[in-house]
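Overview (structure and organization)
Next come the chains, spelled out residue by residue.
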Amino acid sequence: MFENILGDRQIKTAPDDLAVWGKDWTNGFEVAPSVVVFPEDNAQVVDIVDYAIANELRLVPSGGRTGLSGGAVAGNGEVVVSFDRMNRILEFNAEDRLVTCQAGVVTQTLQEFASDQGLFYPVDFASAGSSQIGGNVATNAGGIKVIRYGLTRDWIAGLRVVDGRGELLNCNAGLVKNATGYDFRHLFIGSEGTLGLVCEVDVRLAPAPEPQLVMVLGVPRVADLLDVLKTFGARLTLSAFEFFSDLALEKVRAHRMLPMPLEDSQPFYALLEFDGSALEAGMGAFESCVEAGWVTDGVVSQSEAQAQALWQLREGISESIAPYTPYKNDLSVCIREVPDFLADVDKFVNESYPDFEVCWYGHIGDGNLHLNILRPEAMSVEDFMAKGHAMSPRIFELVKARQGSISAEHGVGLLKRDFLEYSKSAAEIELMQGLKALFDPHQIMNPGKLLP
Ligand code: 2HG
Ligand code: ZN
């Protein structure tokens with residue numbers, strides 16, 4: 001067994017441990033791994049993969065376990081490979097602005113390391129305090145700053161990955177320019193652990209931004225959110241443009257005991273972040289939006305503490321609605337399509353399920369909407385999940401009609417696997433299966449995830 005390649009502290013089989021490391025934040029799937037192993041370096045990852053090939057074991061990679069699509073759920077006797085013990089920052093190079101992390105480095109640790117160097121790691125989201133860089137790579141994590149800084153993919157300059165044959169691949173190693181054909185780095189980013197195990201990541205850091213201001217605006221109509229986005233975007237560089245509905249605000253305020261940001265409630269709110277030096281431009285944009293009738297009221301942060309308090313209104317929503325075991329969706333369409341798409345989905349849910357409450361929020365500035373439908377208190381979790389499952393094809397038809405994505409940033413995992421065809425053609429899925437067979441000929445890498 002693994003005792004021959006790992007020390008005692010690197011193997012867990014107690015039922016409580018299997019229950020913790022065998023799942024992520026997704027609910028509703030069976031959790032039944034056989035063992036959890038904790039490699040400490042790349043060579044041990046290779047040994048684990050070799051051992052799995054020889055003994056026909058299947059591997060489920062596990063990072064910070066904050067996933068919402070079941071990508072890190074082990075439900076079928078698999079071996080969970082946790083990167084918790086590969087959590088060191090290995091190297092920093094100021095000339096290249098490059099930091100090399102083991103896959104288990106927590107996102108926030110990387111952000112703090114960057115800031116200690118006078119630099120910036122711009123990928124950020126509510127679970128940054130627990131999520132790990134390897135998991136971020138596996139799902140190409142997005143979050144709240146995508147509108148200005150892009151996704152995880154945009155900051156990954158190199159990867160060391162062990163593929164399903166047990167080969168340690170060194171993909172790109174930090175080069176800015178490299179025109180030697182297929183860039184495997186980008187294939188592993190977003191592959192949800194189905195092609196190999198990410199062991200080390202070279203991350204490019206950005207120059208530190210100036211202090212940021214946060215503005216929260218009351219917006220009565222969804223369609224006007226895009227006018228607000230355009231008006232601000234024409235006058236300054238936005239670092240974030242998020243939105244949430246009044247129901248979302250109500251839930252997060254109750255959960256975190258936060259004050260009302262504006263005097264009156266509105267159907268929707270926009271949260272904007274931009275450079276402090278753009279305050280005047282921001283105020284001008286705000287006035288134009290009020291004059292046009294798109295915005296009723298607004299508040300702008302007067303201190304770093306207030307900026308953080310305003311961000312809580314958005315970042316705390318997911319946690320605040322968790323007790324309702326919501327039916328969750330993470331959808332995207334082109335930015336111009338957002339208002340009509342949102343109206344389509346609202347209409348469908350209101351007509352077909354008049355008792356359900358729809359809680360909208362998300363990264364509207366990049367076209368990513370989080371659709372959470374709350375379970376009515378009287379309904380059992382099982383009944384509600386069955387209703388959600390029946391609802392999915394109808395919602396995904398609406399996504400497909402606009403050439404959108406059924407998973408904007410959380411990944412496909414187990415949750416969306418059977419619906420992949422709504423965002424990928426048969427020809428594309430066939431190519432994906434071909435790649436899977438090439439990189440993972442023994443079918444041991446996160447089996448059952450992503451691909452139908
Ligand atoms: C967010 O943007 C996260 O808050 C979670 O991606 C979204 O809970 C969700 O649906
Ligand atoms: Zn999100």
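Note that this is a predicted model, so its numbers are computed, not measured.

What counts, and where the lines are drawn
Residues numbered from 1 in each chain as written. Chains lettered and ligands numbered in written order. Predicted model: local features only at pLDDT ≥ 70, side-chain atom pairs only at ≥ 80, totals over all residues. Heavy atoms only, no water. Helix = DSSP H or I, 4+ residues; strand = E, 2+ residues; numbered from the N terminus. Buried < 20%, exposed > 50% of the residue type's maximum accessible area, 1.4 Å probe, protein only. Contact = heavy atoms within 4.5 Å. Areas by Shrake-Rupley, 256 points an atom, 1.4 Å probe, with all protein chains shown as cover. Lys, Arg positive; Asp, Glu negative; His and termini not counted. Charge placed at Lys NZ, Arg CZ, Asp CG, Glu CD. Polar contact = N/O pair within 3.5 Å; in protein donor to acceptor, adjacent residues only side chain to side chain. Donors = N, O, S within 2.8 Å, 3.2 Å for Na, K, Ca; no water. Patch = residues over 30% accessible without salt bridge, like charges linked within 9 Å, V, L, I, M, F, W, Y side chains within 5 Å. Salt bridge = Lys/Arg side-chain N within 4 Å of Asp/Glu carboxyl O. Pairing = 2+ DSSP bridges. Axes fitted to C-alpha atoms, helices over the stretch in contact; angles between N-to-C directions. Parallel < 35°, antiparallel > 145°, perpendicular 65-115°, else oblique. Left-handed = near helix turned anticlockwise from the far one by under 90°. Nonpolar A, V, L, I, M, F, W, Y, C, P; charged D, E, K, R; others polar. Near = heavy atom within 4 Å. Core = buried A, V, L, I, M, F, W, Y, C linked by side-chain atoms within 4.5 Å. 1 Å grid on protein atoms, 1.4 Å probe; cavity = no way out; pocket = protein on both sides within 12 Å on 5 of 7 lines; lining within 4 Å. Points joined across faces, edges and corners; volume = space filled by probe spheres on them.

Secondary structure assignment for the protein chain yields 14 helices and 18 strands. Principal-axis analysis of the C-alpha atoms gives the protein chain an extent of 70 × 55 × 45 Å. Across the 452 residues in the protein chain, those meeting the buried criterion constitute 54%. If you take every contact in the protein chain between residues at least 6 apart in sequence, the share linking residues at least 24 apart comes to 74%. When the accessible area of the protein chain is evaluated, it comes to approximately 19400 Å², of which 50% is carbon and sulfur surface. On the protein chain, the mean spot of the 36 positive side-chain charges and the mean spot of the 62 negative ones are 3 Å from each other.

Before going further, it helps to examine the side chain of Asn172. As for its position among the elements, Asn172 is in the loop between strand 9 (168–171) and helix 6 (184–188). On the basis of relative accessibility, which here comes to 9%, the residue Asn172 falls in the buried class. At 3.0 Å, the side chain of Asn172 forms a polar contact with the backbone oxygen of Leu175. Here Asn178 takes part through its side chain, which lies 2.9 Å from a polar atom of the side chain of Asn172. Leaving out residues up to four positions away in the same chain, Asn172 has contacts with Ala157, Gly158, Asn178 and Arg185.

Distances from the zinc ion (ligand 2) to its protein donors, His363 (NE2), His370 (NE2) and Glu409 (OE), fall within 1.9 to 2.1 Å. Between consecutive donors of the zinc ion (ligand 2), the numbers of intervening residues give the motif H-x6-H-x38-E. Residue His370 is found in strand 18 (residues 368–374), and its partner Glu409 is found in the loop between helix 13 (381–401) and helix 14 (426–439); the two are separated by 39 residues along the sequence. Residue classification places His370 among the buried positions, given a relative accessible area of 4%.

A surface patch of like charges, here negative, comprises Asp41, Asp47, Asp50 and Glu167. Asp50 sits in the partly exposed class, given a relative accessible area of 37%.

Another point: the pairing of strand 12 (residues 212–219). When you tally the buried positions in strand 12, you get 8 out of 8 residues, the bulk of the element. Because side chains alternate across strand 12, one face comprises the buried residues Gln212, Val214, Val216 and Gly218, and the other comprises Leu213, Met215, Leu217 and Val219, equally buried. The pairing of strand 12 with strand 14 (residues 268–275) spans 8 bridges and is classified as antiparallel. Within strand 14, the position partnered with Leu213 by the bridge is Phe274. Judged from the 4 bridges that link them, strand 12 and strand 15 (residues 297–300) form a sheet pairing that is antiparallel. Pairing of Leu217 across the sheet is with Gly298, part of strand 15.

Next up on the list: the packing of helix 12 (residues 338–352) against helix 13. Geometry of a packed helix pair, given as the angle between the helix axes and the separation of the axes. Relative to each other, helix 12 and helix 13 sit at 155°, their axes nearing to 10 Å. The angle between helix 12 and helix 13 falls in the class roughly antiparallel. Along this stretch, helix 12 crosses helix 13, giving a crossing that reads as right-handed. Across from Phe341, Asp344, Val345, Phe348 and Ser352 in helix 12, the residues of helix 13 making contact are Met391, Arg394, Ile395, Leu398 and Val399. Taken together, the residues of the contact of helix 12 with helix 13 sort by class into 7 nonpolar, 1 polar and 2 charged.

Let's shift gears to the site of ligand 1. In the vicinity of ligand 1, the residues found are Leu68, Arg314, Ser318, Lys328, Tyr361, His363, His370, Asn372, Glu409 and His410. His363 has a polar side-chain atom sitting 3.0 Å from an oxygen atom of ligand 1. Note that an oxygen atom of ligand 1 is positioned 3.0 Å from one of the side-chain N or O atoms of His370. Contributing elements (two or more residues each) for the shell around ligand 1: strand 17 (357–363) and strand 18. When grouped by side-chain class, the residues that make up the shell around ligand 1 number 2 nonpolar, 5 polar and 3 charged.

Take unusual backbone geometry next. Phi angles above zero are rare outside glycine, and Arg65 is one such case at about 60°. Its location among the elements puts Arg65 in the loop between strand 3 (59–62) and strand 4 (79–82). Backbone geometry places Asn446, a non-glycine residue, at a positive phi of 45°. Locating Asn446 in the fold gives a position in the segment after helix 14. Exposure remark for Asn446: the relative accessible area of 1% places this residue in the buried category.

Counting residues in hydrophobic clusters, the biggest one holds 53 residues, and the most contacted among them are Phe2, Leu59, Tyr121, Leu159 and Val203. Considering every element that reaches this core, the biggest residue donor is helix 2 (residues 42–55), with 6 residues. Apart from the residues within four sequence positions on either side, Leu59 is in contact with Ile48, Val49, Ala52, Val79, Val81, Leu197, Ile444, Met445, Asn446 and Pro447. Counting 49 residues, the second largest nonpolar core, distinct from the first, contains Met215, Leu272, Val300 and Phe419.

Inspection of the secondary structure puts Gln212 in strand 12. A polar contact of 2.8 Å, which involves the side chain of Gln212, links it to the backbone oxygen of Glu210. A polar side-chain atom of Gln212 sits 2.7 Å from a polar atom in the side chain of Asp275. Not counting residues within four places of it along the chain, the set of residues in contact with Gln212 comprises Arg148, Ser239, Glu273, Phe274, Asp275 and Gly276.

In this structure, the second largest pocket spans a volume of roughly 810 Å³. Residue lining of the second largest pocket: 38 residues in total, with Arg153, Gly190, Lys424, Met432 and Leu450 positioned closest to the centre. Where the lining of the second largest pocket is concerned, the elements lending two or more residues are helix 4 (133–139), helix 6 and helix 14. Top element by residues in the lining of the second largest pocket is helix 14. It accounts for 5 residues. Class assignment of the residues belonging to the lining of the second largest pocket gives a composition of 15 nonpolar, 16 polar and 7 charged.

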